[in-house]
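# Fold and geometry: a report
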Amino acid sequence: MPGLIRGVARTAVVAGTATAVSNRVSRRQAGRWAQHDDQQQPQAAAPAPAPTPPAPPGDDMSNKIDQLKQLGDLKAQGVLTEEEFAAEKRKILG
C-alpha cells in the first residue's frame, strides 16, 4: 500500500508541475503576441494621401471644380485635416 500511495503522489506532483509550466508558457506567449500586435498596429495605419498634383496651366474651371470635389470627399472621409484641405484648395485655386 505505501508503494501505491507513493506512486499516486508522484504522479500528482508531476501532473501539477506540468500544468503549472504549461500555464506559465501560455501566459508568456500570450504576452509576446499582444506585444507583437501592439508593435504592428502603428504600421497598419493608413498611409498619408498623395498630394493632389498641381493644376496644369490653362486649366478650365470644370477641372478645378472636380479637384475641389475630390478634396472635399477626402476631407469628409477624414483622410485630410482642415489645414491640409485649405492648403490643397489654395494650390488648386491659385
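Right, let's walk through the structure included here. Remember, it's a predicted structure, so these values are computed and weren't measured experimentally.

### Some thoughts on the pattern of salt bridges
Throughout the structure, instances matching the rule amount to 2 salt bridges. A salt bridge links Lys75 to Glu82; the nearest nitrogen and oxygen atoms lie 2.9 Å apart. Residue classification places Lys75 among the partly exposed residues on the basis of a relative accessible area of 32%. Between Glu88 and Lys91 there is a salt bridge whose closest N-O contact spans 3.3 Å. Here the residue Glu88 and the residue Lys91 both occupy positions in helix H3 (residues 82-93), the gap between them amounting to 3 residues, near one helical turn. Among the residues examined, Glu88 registers a relative accessible area of 11% and is labelled buried. Judged by relative accessible area, Lys91 falls into the exposed class, the value being 52%.

### A look at the packing of aromatic side chains
Think of a pair of aromatic rings as described by two things: how far the centres are apart, and how the planes are tilted against each other in angle. Under the defined criterion, the tally for this structure stands at 0 aromatic pairs. We note Lys75 situated over the ring of Phe85; from NZ or CZ to the ring centre the distance is 5.0 Å.

### As for H3
Compared with an ideal rise of 1.5 Å per residue, which puts 12 residues at 16 Å, H3 spans 16 Å between its outermost C-alpha atoms and is within 8% of the ideal. For H3, the complete set of buried residues consists of Phe85, Glu88 and Ile92. Seen from one end, H3 has its buried residues packed into an arc of 70°, which puts them on one side. With respect to the buried face of H3, the exposed residues turned more than 90 degrees away are Glu83, Arg90 and Lys91. Buried positions along H3 lie against helix H2 (61-76).

Rules used throughout
Residues numbered from 1 in each chain as written. Predicted model: local features only at pLDDT ≥ 70, side-chain atom pairs only at ≥ 80, totals over all residues. Heavy atoms only, no water. Salt bridge = Lys/Arg side-chain N within 4 Å of Asp/Glu carboxyl O. Buried < 20%, exposed > 50% of the residue type's maximum accessible area, 1.4 Å probe, protein only. Helix = DSSP H or I, 4+ residues; strand = E, 2+ residues; numbered from the N terminus. Phe/Tyr/Trp six-rings, centres within 6.5 Å; stacked < 30°, edge-to-face > 60°. Lys NZ or Arg CZ within 6 Å of the ring centre and 35° of its normal. Expected span 1.5 Å × (residues − 1). Arc of directions from axis to C-beta. Contact = heavy atoms within 4.5 Å.

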